[in-house]
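As a plain string of letters, each chain reads:
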Amino acid sequence: MIEKILVLEVVLPLLAAPVCVLVRHPRLCRLFSLGVVAVCFAIAVAVLLEVRGGGVISYQLGGWPPPLGIEYRVSTVNAYLLALVTAMALVVMSFDSRGGPPRVPEQRRHLYYAVFLLCISGLLGITITGDAFNIFVFLEISSLSSYILVSLGGHRRAVMSAFYYLVMGTIGGVFFMLGVGLLYQVTGTLNLRDIAARLEPSLDDRGTVLALALLVVGISIKLAVFPLHHWLPNAYSFAPPKVSAFLAATATKVSFYLLAMVLFTIFGAPFVFEELRLQAVLLPLSILAMFLASGAAIFQADLRRLLAYSSVAQIGYMTLGLSTANATGLAGGLVHLFNHAVMKGGLFLVVACLLYRVGSVHIDALAGIGRRMPFTSAALVIGGLSLIGVPGTVGFVSKWYLVSGVLERGWTAAAVLILLSSLLALVYVGKVVEAVYFRKPAETQPIDHVREAPLGMLAPAWVLAVAAVFFGLTTNWTYGVAREAAELLLAGGI
């Protein structure tokens, strides 16, 4: 039965999007979208429990067996991601609509929910499909939807940011499609498992190495791997905070899964990390991202832009976990995928609360706001402590296993650099906390009129703040699944 409802993960939000266009009533569309996402989350949890207890789930579309037909295939690796994407979509969708995109008038808000559902469908499709061309199709669905969502920010620069995101995303999509084309030329199939099986005798061919290079570059653009990250700071800074929360928590995480799947499942860890030694490129770039992006975050005067550069640094931690190519380090990268989604999603929802009440998230404008918005400010502090990696938060769990992974490889210097990069996070988080709690508001920016954010906005932000502490203290649920996923990837499975 579970494989029968698996296809609903993609079909439900895909069909719900045009329903929102037809219904047109914004409140009904919001409730309808929330219900659809809730069903998708329930299915994702059921699928995760099933694969942890019974192995892989496979669904053949149209009854055509793979590799001739398209296969939806779920193991612990992508079931983990399905649960994350649907959970974050549910939290963000439940966030009060007053924190939604300011440029969309009430009478056209239904279109916003339609695009949001299309983006969710695309991300879930990438995660669940076992067909390379199908991945490209869903990649474009999610990307085009993301461009529209980013452009809805209440600033002209949002449109320019969306356009630059579109250009970079298109380049990434072209690289990815060229890589898929070369793989099809070499293997004669588009099924991922079949590609991996047929590719093994041709791993040393120039066409195969070129295909790997094209796929890695294309996905790295989508993932915002340093130095291909330039689209991300503007996109996250000028998009509506609710959109930034969703994209920061899901889009780059799906791209990370896609990169891991290409490296470990299609090409295999022995070829990628022993013969080609990709870690010689990936490790330095990861460390540069951790330091340079965190350094850039320190000098930002706008909280949204600070968090955007912080995201680039956090992606560096995830790719560092990939470069270790061992179970502990890869599991650390995968668990950081979950943890970063929780803490950064929560922080961007806090930004939405601050924007709604204060009207600005310039750090100077937040001076003394901790007294006027104590619950919002407390959620901000919890998210900030998670970014630093303070014990008892999810950030500490990620860095613990990443440090353990690099030490297993004998990379002592990398372990020290992980710890030093946390000090940079301490600086930019401390800068915000100092303004919120210890600085007096300027006479030109009185905050006497400011009140706490509405419950409908504050509750979802606090759900993620509590999750950042809960999963920081209870690691079996996240690291346990991530470890299973890492071992499966290292074995070349999916």
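All values derive from a computational prediction rather than experimental measurement.

Conventions used here
Residues numbered from 1 in each chain as written. Predicted model: local features only at pLDDT ≥ 70, side-chain atom pairs only at ≥ 80, totals over all residues. Heavy atoms only, no water. Helix = DSSP H or I, 4+ residues; strand = E, 2+ residues; numbered from the N terminus. Rg over C-alpha atoms; globule rule 2.2 N^0.38 Å. Buried < 20%, exposed > 50% of the residue type's maximum accessible area, 1.4 Å probe, protein only. Contact = heavy atoms within 4.5 Å. Areas by Shrake-Rupley, 256 points an atom, 1.4 Å probe, with all protein chains shown as cover. Lys, Arg positive; Asp, Glu negative; His and termini not counted. Charge placed at Lys NZ, Arg CZ, Asp CG, Glu CD. Phe/Tyr/Trp six-rings, centres within 6.5 Å; stacked < 30°, edge-to-face > 60°. Axes fitted to C-alpha atoms, helices over the stretch in contact; angles between N-to-C directions. Parallel < 35°, antiparallel > 145°, perpendicular 65-115°, else oblique. Left-handed = near helix turned anticlockwise from the far one by under 90°. Nonpolar A, V, L, I, M, F, W, Y, C, P; charged D, E, K, R; others polar. Polar contact = N/O pair within 3.5 Å; in protein donor to acceptor, adjacent residues only side chain to side chain. Patch = residues over 30% accessible without salt bridge, like charges linked within 9 Å, V, L, I, M, F, W, Y side chains within 5 Å. Salt bridge = Lys/Arg side-chain N within 4 Å of Asp/Glu carboxyl O. Expected span 1.5 Å × (residues − 1). Pairing = 2+ DSSP bridges.

(A) Region of interest: the overall build of the protein chain. Within the protein chain one finds 21 helices and 2 strands. A globule of 494 residues ought to have a C-alpha radius of gyration of about 23 Å, and the protein chain, at 22 Å, matches this closely. Dimensions of the protein chain, computed from C-alpha atoms along their principal axes, come out at roughly 70 × 55 × 40 Å. When burial is assessed residue by residue, the protein chain has 60% of its 494 residues classed as buried. For the protein chain, the share of sequence-separated contacts (at least 6 apart) that also reach a separation of at least 24 residues comes to 80%. Accessible area of the protein chain: about 18300 Å², with a carbon and sulfur share of 67%. In the protein chain, 32 side chains carry a positive charge and 23 a negative one; their mean positions are 12 Å apart.

(B) The packing of aromatic side chains, seen in detail. One pass over the full model with this rule turns up 17 aromatic pairs. Summarising the aromatic geometry, the rings of F470 and W477 are spaced 5.6 Å apart at their centres and angled 75° between planes, so their arrangement reads as edge-to-face. Classification of W477 as exposed rests on a relative accessible area of 57%. What links up through ring pairs into an aromatic cluster is the set Y80, F338, F470, F471 and W477.

(C) Seen up close, the packing of helix α7 (residues 156-187) against helix α9 (residues 206-223). Packing of α7 against α9 brings their axes to within 7 Å, and their N-to-C directions diverge by 155°. The angle between α7 and α9 places the two elements in the roughly antiparallel class. Seen along the crossing, α7 lies across α9 with a hand that is left-handed. Taken together, the residues that form the contact of α7 with α9 break down as 16 nonpolar, 7 polar and 1 charged.

(D) Expanded view of the side chain of Q279. Position of Q279 relative to the elements: it lies in helix α13 (residues 279-298). For Q279, a relative accessible area of 4% translates into the label buried. Within polar-contact distance, the side chain of Q279 engages the backbone oxygen of F273 at 3.0 Å.

(E) A look at a negative patch on the surface. There is a patch of like negative charges on the surface, built from D204, D205, E274 and E275. Inspection of the secondary structure puts E275 in helix α12 (residues 269-275).

(F) A look at helix α8 (residues 192-199). Buried residues of α8: L192, D194, I195, A196 and L199, and no others. Along its buried surface, α8 packs onto α6 (132-151), α7, α9 and α11 (241-267). N-cap assignment for α8: the residue whose side-chain oxygen lies 3.2 Å from the backbone N of R193 is N191.

(G) Representation of the environment of A435. Looking at the secondary structure, you find A435 in helix α19 (residues 412-438). Each C-alpha atom of the pair A435 and A297 lies 15 Å from the other, and the pair is 138 residues apart in sequence. Apart from the residues within four sequence positions on either side, A435 is in contact with I363, L366, A367 and G368.

(H) Geometry of the packing of helix α5 (residues 109-128) against α11. Here α5 crosses α11 at 20°, and the two axes come no closer than 9 Å. With respect to α11, the axis of α5 lies roughly parallel. Note that α5 runs across α11; the crossing there is left-handed. Mapping the contact onto sequence places Y112, F116, C119, I120, L123, I126 and T127 in α5 and K242, V243, F246, L247, T250, A251, V254, Y257 and L258 in α11. Residues of the contact of α5 with α11, tallied by class, amount to 13 nonpolar, 2 polar and 1 charged.

(I) Quick peek at α5. Counted at 1.5 Å a residue, the expected span for α5 with its 20 residues is 28 Å, and the 29 Å between its end C-alpha atoms agrees. Buried residues dominate α5, accounting for 18 of its 20 residues.

(J) Region of interest: the pairing of strand β2 (residues 71-74). Going residue by residue along β2, you find E71 and R73 tucked away on one face and Y72 and V74 tucked away on the opposite face as well. In terms of strand pairing, strand β1 (residues 57-60) meets β2 through 4 bridges, oriented antiparallel. Within β2, the position partnered with I57 by the bridge is V74.

(K) Main features of the pattern of salt bridges. In this structure the tally under the stated criterion is 6 salt bridges. Here R304 ties to D302 by a salt bridge, and the two come within 3.6 Å at their closest N and O atoms. R304 sits in the buried class, given a relative accessible area of 17%. The salt bridge involving E434 is made with R439; its shortest N-O contact spans 3.0 Å. Salt bridges sharing partners connect three or more residues here, namely D364, E434 and R439.

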